Amino acid sequence: MNVLIVHAHNEPQSFSSALCQLAEETLQGQGHAVQVSDLYAMNWNPVASAADFAERANPDYLVYALEQREGAKAKTLAADIQGELDKLLWADLVIFNFPIYWFSAPAILKGWFDRVLVSGICYGGKRFYDQGGLTGKQALLSVTLGGREHMFGEGAIHGPLEDMLRPILRGTLAYTGMAVLPPFVAWHVPYIGNDARQDFLRQYQERLQHLQSDQPLAFPRLEQFDERLYPLPR
Ligand SMILES: Cc1cc2nc3c(=O)[nH]c(=O)nc-3n(C[C@H](O)[C@H](O)[C@H](O)COP(=O)(O)OP(=O)(O)OC[C@H]3O[C@@H](n4cnc5c(N)ncnc54)[C@H](O)[C@@H]3O)c2cc1C
């Protein structure tokens, strides 16, 4: 399969970067084609703005998603967006590899979502969840945290990890139609010893070698809702 790894860490020697490199090597070792978008190394521009459109459908008032739709059709999106979109459409599996920042992704990755998940291709109209433009692709988060494992879950101080990551897991990846695999999580990374970090690397390698047995997380299907998106009686 084709794998895109979108990596967002500002330090090439970081543990998160080690996870990225391990994924690249492991998946290539299994015969998969792998591309890596190392966002900091690429000096990726995360800011969605008028500069993203060489030609404007409406030059007087910027409606970003509308211009995305027109720009995607006319192939006039900014070259950096088009390059990432081509990689995304090529991929069967997309891995997002990053440290948790403020219960979420670093801004540079948020800006990748904003600019690359183009309206009209990845979603639009009633094309979302199981009808999204990216159906048939899988997504996996590989995240590092400062927090400890017992701080997450029902009744834990921060609540369930899937709730924390809902805007990404559900609002972004599942929304655009991707089958979202349970995240891989390395807890408390800066504060544990080298052996414990090596264990995480081993666990991640094991997980990557058996991805085909992973069950995606459950999200709504449009057939469960009426025309106006009210839930149908079960
Ligand atoms: C703005 C901001 C917001 C944050 N918000 C949150 C939050 O909401 N929740 C939360 O839990 N945390 C939060 N954090 C903490 C952050 O998520 C963690 O610091 C980060 O995930 C740790 O991963 P890292 O890759 O950066 O570790 P690093 O600090 O890069 O690495 C930790 C150690 O691992 C070593 N290492 C590197 N490679 C290897 C290897 N191959 N094998 C073994 N060891 C290796 C490094 O040398 C280093 O000593 C936040 C941090 C910032 C800066």
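As the structure is a prediction and not an experimental result, all values here were calculated from the model.

K.L.:
Is there a simple way to explain the UniProt feature "domain: Flavodoxin-like fold" (unreviewed entry) in the chain in this structure?
P.N.:
Listed under "domain: Flavodoxin-like fold" (unreviewed entry) in the UniProt record, and renumbered for this structure, are residues 1-208. For residues 1-208, the end-to-end C-alpha separation is 13 Å, with 37% helix and 15% strand making up the annotated structure.

K.L.:
Please clarify how the packing of helix α3 (residues 79-90) against helix α4 (residues 107-116) should be interpreted in this entry.
P.N.:
Geometrically, a packed helix pair is captured by the angle between its two axes and the distance between the axes. Between α3 and α4, the shortest axis-to-axis distance is 10 Å and the interhelical angle comes to 85 degrees. Regarding the angle of α3 to α4, the classification is roughly perpendicular. For the pair α3 and α4, the contacting residues are Asp80, Ile81, Glu84, Leu85 and Leu88 in the first and Trp112, Arg115 and Val116 in the second. Class assignment of the residues belonging to the contact of α3 with α4 gives a composition of five nonpolar, no polar and three charged.

K.L.:
What is the right way to read the site of the ligand from this model?
P.N.:
Residues in close proximity to the ligand total 21 residues, the closest being His9, Ser16, Ile100, Trp102 and Thr144. Within the side chain of His9, one N or O atom sits 2.6 Å away from an oxygen atom of the ligand. Protein contacts shield 66% of the accessible area of the ligand, which totals 1,000 Å² for the unbound molecule. In terms of residue count, helix α7 (residues 194-209) provides more of the shell around the ligand than any other element does, four residues in total. Of the residues in the shell around the ligand, the class split is eleven nonpolar, nine polar and one charged.

K.L.:
What is the right way to read helix α6 (residues 166-174) from this model?
P.N.:
Every α-helix carries 3.6 residues per turn, so stepping three or four residues along brings you back to the same face. Regarding α6, the residues found buried are Ile168, Leu169, Thr172, Leu173 and Ala174. Axial view of α6: buried residues confined to an arc of 155 degrees, hence all on one face. On its buried face, α6 is in contact with β3 (93-99), α4, β4 (138-144), α5 (161-164) and β5 (179-180).

K.L.:
Please explain the environment of Pro231 as it appears in this structure.
P.N.:
When you line up the elements, Pro231 lands in the segment after α7. We classify Pro231 as exposed; its relative accessible area is 59%. Separated by 61 residues in the primary sequence, Pro231 and Arg170 have C-alpha atoms spaced 18 Å apart. Those residues in contact with Pro231 that lie beyond four places of it in its chain are Gln224 and Phe225.

K.L.:
How do you make sense of the pairing of strand β2 (residues 33-38) when you look at a structure like this?
P.N.:
For a regular strand, side-chain orientation follows a simple rule: the groups alternate between the two sheet faces. Bridging between strand β1 (residues 2-7) and β2 involves six bridges; their strand directions are parallel. By the bridge assignment, Ile5 is partnered in β2 with Val36. Taken together, β1, helix α1 (residues 15-29) and β2 form a β-α-β motif whose crossover is right-handed.

K.L.:
Looking at this structure, I do not really get the side chain of Lys137. What am I missing?
P.N.:
Structurally, the position occupied by Lys137 is in the loop between α4 and β4. Within the buried core, Lys137 has no salt-bridge partner, and the shortest N-O distance to an opposite charge, that of Asp92, equals 5.7 Å. At 3.3 Å, the side chain of Lys137 forms a polar contact with the backbone oxygen of Leu88. Beyond its immediate stretch of four places on either side in the chain, Lys137 contacts Leu88, Leu89, Trp90, Ala91, Asp92, Met178 and Ala179.

Scoring rules and cut-offs
- Residues numbered from 1 in each chain as written.
- Predicted model: local features only at pLDDT ≥ 70, side-chain atom pairs only at ≥ 80, totals over all residues.
- Heavy atoms only, no water.
- UniProt positions renumbered as here; feature names shortened; annotations may be inferred.
- Helix = DSSP H or I, 4+ residues; strand = E, 2+ residues; numbered from the N terminus.
- Axes fitted to C-alpha atoms, helices over the stretch in contact; angles between N-to-C directions.
- Parallel < 35°, antiparallel > 145°, perpendicular 65-115°, else oblique.
- Contact = heavy atoms within 4.5 Å.
- Nonpolar A, V, L, I, M, F, W, Y, C, P; charged D, E, K, R; others polar.
- Near = heavy atom within 4 Å.
- Polar contact = N/O pair within 3.5 Å; in protein donor to acceptor, adjacent residues only side chain to side chain.
- Areas by Shrake-Rupley, 256 points an atom, 1.4 Å probe, with all protein chains shown as cover.
- Buried < 20%, exposed > 50% of the residue type's maximum accessible area, 1.4 Å probe, protein only.
- Arc of directions from axis to C-beta.
- Pairing = 2+ DSSP bridges.
- Right-handed = clockwise from strand over helix to strand, strands pointing away.
- Lys, Arg positive; Asp, Glu negative; His and termini not counted.
- Salt bridge = Lys/Arg side-chain N within 4 Å of Asp/Glu carboxyl O.

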